Structure formats: structure tokens, C-alpha cells
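# Working through the structure, step by step
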Amino acid sequence: MKYLEEFQNPELARGLLEDIKAAVTRPWALMEVCGGQTHTIIRHGIDQLLPDGVELIHGPGCPVCVTPLEVIDKALEIASRPGVIFCSFGDMLRVPGTDRDLFRVRGEGGDVRVVYSPLDALKIARENPHREVVFFGIGFETTAPPNAMTVYQARKHRIDNFSLLVSHVRVPPAIDAIMNSPDCRVQGFLAAGHVCSVMGTEEYPELAARHRVPIVVTGFEPLDILEGIRRTVRQLERGEHTVENAYERAVRPEGNPAARAMLEDVFEVTDRAWRGIGVIPQSGWRLAERYREHDAEHRFDVSGITTRESELCRSGEVLQGLIKPHECEAFGTTCTPRNPLGATMVSTEGACAAYYLYRRLGTPVSLEVAPVG
């Protein structure tokens with residue numbers, strides 16, 4: 001299939017749904033790891049089209065959502081300082097910190113700029129040699145390589161006024177933590193295809209075997225999601241727990257060797273806090289020692305940050321798959337995209353944002369696939 005529309009074909013989707021229905025003999029709970037997959041599922045009503053008993057649990061795969069509050073508050077503190085140009089992707093600007101967001105900082109006079117690539121921030125640093133330029137480096141294995149390359153270029157070309165505020169996280173340790181949770185109901189995973197396009201699949205077989213769960217690498221269009229579900233259900237019904245690649249058009253077992261080499265050079269694995277979840281061992285990256293001069297946390301004294309989460313927001317439970325967004329009492333009332341209490345409502349990959357955008361309040365839909373567009 002060459003064209004995007006073919007991955008959203010209603011007839012093909014109906015055939016996959018019938019295959020899933022024919023295979024299911026008992027209830028199963030599956031988790032889609034990626035927030036992009038969550039938005040596809042909710043937009044097209046895939047979860048409501050599945051046969052009774054097949055439940056999709058939304059995972060913590062939204063990079064904006066899992067960025068810890070302490071790091072958000074550090075970003076706000078750095079961005080507020082005179083002489084700093086703070087650069088970020090646009091979806092971070094409305095993420096609430098303890099008492100404000102980056103939009104508020106910009107309104108108060110801070111030089112906060114939206115960029116479309118970390119290399120844009122590096123260019124700004126070149127053009128403003130007498131000012132400190134900071135890029136907010138967040139995300140999973142997909143956004144880490146370009147951020148690593150930017151730091152590599154800054155060191156190579158001696159752009160000393162550039163630094164990176166790092167909050168990168170890794171998917172496999174998160175899957176391990178989810179499965180080790182006493183409240184876990186997940187029986188199979190739809191793994192994020194874009195993460196595996198960078199890192200490959202070699203970290204997943206051990207997880208699948210140890211936790212006895214199937215892991216199916218899945219893409220992001222409706223037919224991708226349905227094929228991932230079909231393969232996962234088929235394994236569960238057979239009592240299997242292996243890793244399957246249902247996204248072969250983009251994912252190779254070895255991933256992207258050049259990107260992986262850049263990650264290994266610039267970053268080192270570390271424990272990392274996840275917002276709403278807590279610290280997951282070996283689940284993140286930080287800059288390696290030889291690149292530490294470009295680490296914003298080392299360059300700026302932002303210690304002693306005191307954070308305070310909203311008492312009304314239950315985004316932590318959403319991120320852990322314990323509740324659906326509309327089960328939070330604040331959803332759509334005191335918490336909206338215009339006035340978010342948590343990052344899951346404002347991020348373009350947040351589960352709460354998906355439920356709000358597509359008016360998902362638990363109402364069932366008919367057996368149709370939403371039209372393209």
C-alpha cells in the first residue's frame with residue numbers, strides 16, 4: 001500500500017475487525033504505548049468498534065505528559081532569567097508548572113521561542129553569541145537522536161552559549177514498570193513503531209518472555225492499529241508471548257544504527273522521574289560527561305525547586321492506565337485545553353486531549369470507521 005488513504009480503508013478495517021471478533025473467546029486488556037496511537041484510536045472510534053471484552057488501555061507514551069513537574073518548573077525558572085533565549089516545541093508552552101507555564105513567562109517578558117527543530121535553536125545561539133540559548137529536550141527514543149546531534153554539533157563547532165535541558169525517557173523500562181505494578185491489568189502491548197524505527201526490537205523479547213506478554217510493534221494509522229490488535233489477540237488466544245513486527249515498512253530489527261551510535265556517544269542511561277508515575281530505574285538519558293558543559297541543569301543553578309501538583313488532576317492515573325480521561329471529575333469542566341490542570345489535556349499526544357477533542361464521553365458508536373480527514 002503506497003498511499004495514506006489505503007491505511008484508512010473502511011472495508012479493510014471491517015475485515016480486520018471481523019477477524020478479531022472471530023478470534024476472541026475471552027476478555028483481553030491491551031495497552032497501546034504511544035500517545036499518537038491513542039489519538040488514532042479515539043479519533044476513529046477503534047476502541048468502541050472492537051468486540052466486547054477487548055479493552056484498550058492508554059499507556060504513558062506521551063512525552064510531554066510524562067515530563068516531570070520539577071523539570072517543567074526548572075524550565076520556567078531558566079526561561080525567566082535575563083539574557084536567556086529559551087527554545088521549545090510549541091506543545092510545551094501550555095504545559096502547566098506549579099503556578100505558571102511558558103506562555104505566562106513569555107507574557108512577563110521572557111524570551112521564549114517556538115522552534116521546529118533543535119538545530120533551529122543552535123542557529124539562534126550562533127546568531128546571538130552574547131546570550132545563553134537553551135533548548136528544551138524532551139521525548140522518547142524518537143526525538144533523542146536529533147537532540148543528541150545538536151549537542152554534538154555545538155561541541156564540535158564550539159558554540160559555547162548553547163545548552164540542552166534534558167528530559168528524555170525510554171520505553172522498555174516503562175513497560176517493565178507497568179508489568180511490575182500490583183495494579184497492572186495489561187495482557188499485551190502495542191509497541192510504538194517510531195521508537196522501534198530508531199532502537200530496533202532487541203530489547204523487547206526478554207520483556208515479553210519474562211512477563212509472558214505479547215508485544216506487537218505497531219504503526220499509527222487505523223489499519224496499523226487493527227492489525228496490531230489482531231496479532232496481539234491471536235497470540236493471547238494461543239497462549240503465546242513473542243515479539244512481532246507489524247510495522248515492517250518502517251522498522252528493522254536493528255533499528256537505525258547511525259542514530260543509535262549518536263545516542264550512545266552523547267547520552268548515558270540514568271534513572272528518570274515520570275510525571276504521575278514516579279522514578280523508573282534506567283528509564284531515561286542524560287548528557288554524557290564529555291558533553292556536560294552543554295547541560296542546562298549544570299549551567300544554571302536551578303536547585304531547590306519546590307513543586308505542587310493540582311489536587312484535582314488525575315492525569316497520573318490516566319498515564320498508568322488506571323482510569324480513562326472522562327472518569328476524572330475535572331475532565332471537561334475545571335480542566336480544558338484552554339485551562340489545563342495537567343499535561344495530558346494540553347499535549348497533542350495526551351489522552352485527555354484526545355477525549356476532549358473528539359468528544360469522547362463513553363458514548364458507543366456504530367460499526368463504521370471515521371472518514372479520512
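Heads up: the structure comes first, above all this text.
The notes below deal with the structure included here. (Residues numbered from 1 in each chain as written. Predicted model: local features only at pLDDT ≥ 70, side-chain atom pairs only at ≥ 80, totals over all residues. Heavy atoms only, no water.)

Before going further, it helps to spend a moment on the overall build of the protein. Secondary structure summary: the protein contains 17 helices and 11 strands in total. The globule rule puts the C-alpha radius of gyration for 373 residues at 21 Å, and the 21 Å found for the protein is close to it. Across its three principal axes, the protein shows a C-alpha extent of roughly 65 × 45 × 40 Å. Within the protein, buried positions represent 55% of all 373 residues. For the protein, restricting intrachain contacts to residue pairs at least 6 apart in sequence, the fraction spanning at least 24 positions comes to 77%. Across the protein, the centroid of the 41 positively charged side chains sits 3 Å from that of the 51 negatively charged ones. (Helix = DSSP H or I, 4+ residues; strand = E, 2+ residues; numbered from the N terminus. Rg over C-alpha atoms; globule rule 2.2 N^0.38 Å. Buried < 20%, exposed > 50% of the residue type's maximum accessible area, 1.4 Å probe, protein only. Contact = heavy atoms within 4.5 Å. Lys, Arg positive; Asp, Glu negative; His and termini not counted. Charge placed at Lys NZ, Arg CZ, Asp CG, Glu CD.)

One finds I78, F86, F136, L165 and F189 to be the most contacted residues of the largest nonpolar core, which totals 57 residues. Ranked by the residues each element gives to this core, the list is headed by helix 5 (residues 69-79), at six residues. Residues in contact with F86, not counting those within four places in the same chain, are A75, I78, A79, L102, D111, V112, R113, V134, F136 and L165. (Core = buried A, V, L, I, M, F, W, Y, C linked by side-chain atoms within 4.5 Å.)

Next up on the list: empty space enclosed by the protein. On inspection of all chains with the given rule, the structure shows three cavities of 30 Å³ or more. Taken as a whole, the largest cavity encloses approximately 90 Å³ of empty space. Along the wall of the largest cavity there are 15 residues; nearest its centre are C313, R314, C328, C335 and C352. At the level of secondary structure, the elements contributing two or more residues to the lining of the largest cavity comprise helix 15 (315-319) and helix 16 (343-346). For the lining of the largest cavity, the class distribution of residues is 11 nonpolar, three polar and one charged. As for the second largest cavity, its lining consists of 13 residues, of which G59, C62, L319, E349 and A351 are closest to the centre. Elements supplying a minimum of two residues to the lining of the second largest cavity: helix 2 (35-44), strand 2 (54-61) and helix 15. In terms of residues, the lining of the second largest cavity owes the most to one element, strand 2, which gives three residues. (1 Å grid on protein atoms, 1.4 Å probe; cavity = no way out; pocket = protein on both sides within 12 Å on 5 of 7 lines; lining within 4 Å. Points joined across faces, edges and corners; volume = space filled by probe spheres on them. Nonpolar A, V, L, I, M, F, W, Y, C, P; charged D, E, K, R; others polar.)

The contact between helix 9 (residues 171-180) and helix 11 (residues 204-211) brings their axes to 10 Å, and the two run at 5°. It follows from the interaxial angle that helix 9 and helix 11 lie roughly parallel. In contact with V171, P172, I175, D176, M179 and N180 of helix 9, helix 11 contributes Y204, L207, R210 and H211. Its residues assigned to classes, the contact of helix 9 with helix 11 comprises six nonpolar, two polar and two charged. (Axes fitted to C-alpha atoms, helices over the stretch in contact; angles between N-to-C directions. Parallel < 35°, antiparallel > 145°, perpendicular 65-115°, else oblique.)

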